[in-house]
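Coordinate analysis (summary)
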Amino acid sequence: RNLEKVWLGKKKAEEANKRQEELERRREEERQVEELRRQTAAMGAGSSTAIAENMLFATANSSSSSTKLSKQEEAAAAELRSRKEMLKNVENTLDPSPSPSPDS
């Protein structure tokens, strides 16, 4: 009975740690997005997604002293690509290309 309680306690602690890590990852991602927005606004040019994507690829491809940071940057770049693709799909679904109407 005690072993079961210990096991459940460890399992809950692991789940809490995973949730905390996910929240930290999301906060860091949001910080990066905000920083990129500030830089984009400061430069006053270009599409923010294109600039953000270029900067993420540059940092992901550069050599880093921490492999964990490099993996996080690669994950952020992959997440940006997937979000960009999802946005494009949603835009295409909501606003399909105009087709000629049969009444014309």
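As shown above, the structure is provided for reference.
The following paragraphs examine the structure supplied in this document. Quick caveat, the model's predicted, so the values are computed rather than measured.

Right, let's get into the side chain of Thr-40. With respect to the helices and strands, the residue Thr-40 is situated in helix α1 (residues 2-43). Take Thr-40: its relative accessible area is 10%, and that puts it in the buried class.

When you line up the elements, Glu-29 lands in helix α1. Judged by its relative accessible area of 12%, Glu-29 is buried. Ignoring any residue separated from it by four or fewer positions in sequence, one finds Glu-29 in contact with Glu-79 and Arg-83.

Attention now moves to the pattern of salt bridges. This model, assessed by the stated rule, comprises nine salt bridges. Measuring nitrogen to oxygen at the nearest pair gives 3.1 Å for the salt bridge that ties Glu-22 to Arg-26. Here the residue Glu-22 and the residue Arg-26 both occupy positions in helix α1, the gap between them amounting to four residues, near one helical turn. Take Arg-26: its relative accessible area is 48%, and that puts it in the partly exposed class. Here Glu-29 ties to Arg-83 by a salt bridge, and the two come within 2.9 Å at their closest N and O atoms. Residue Glu-29 is located in helix α1, and its partner Arg-83 is located in helix α3 (residues 67-94); the two are separated by 54 residues in the primary sequence. Taken together, the shared-partner salt bridges in this structure form one network comprising Glu-22, Arg-25, Arg-26, Glu-29, Glu-79 and Arg-83.

Rules used in this analysis
Residues numbered from 1 in each chain as written. Predicted model: local features only at pLDDT ≥ 70, side-chain atom pairs only at ≥ 80, totals over all residues. Heavy atoms only, no water. Helix = DSSP H or I, 4+ residues; strand = E, 2+ residues; numbered from the N terminus. Buried < 20%, exposed > 50% of the residue type's maximum accessible area, 1.4 Å probe, protein only. Contact = heavy atoms within 4.5 Å. Salt bridge = Lys/Arg side-chain N within 4 Å of Asp/Glu carboxyl O.

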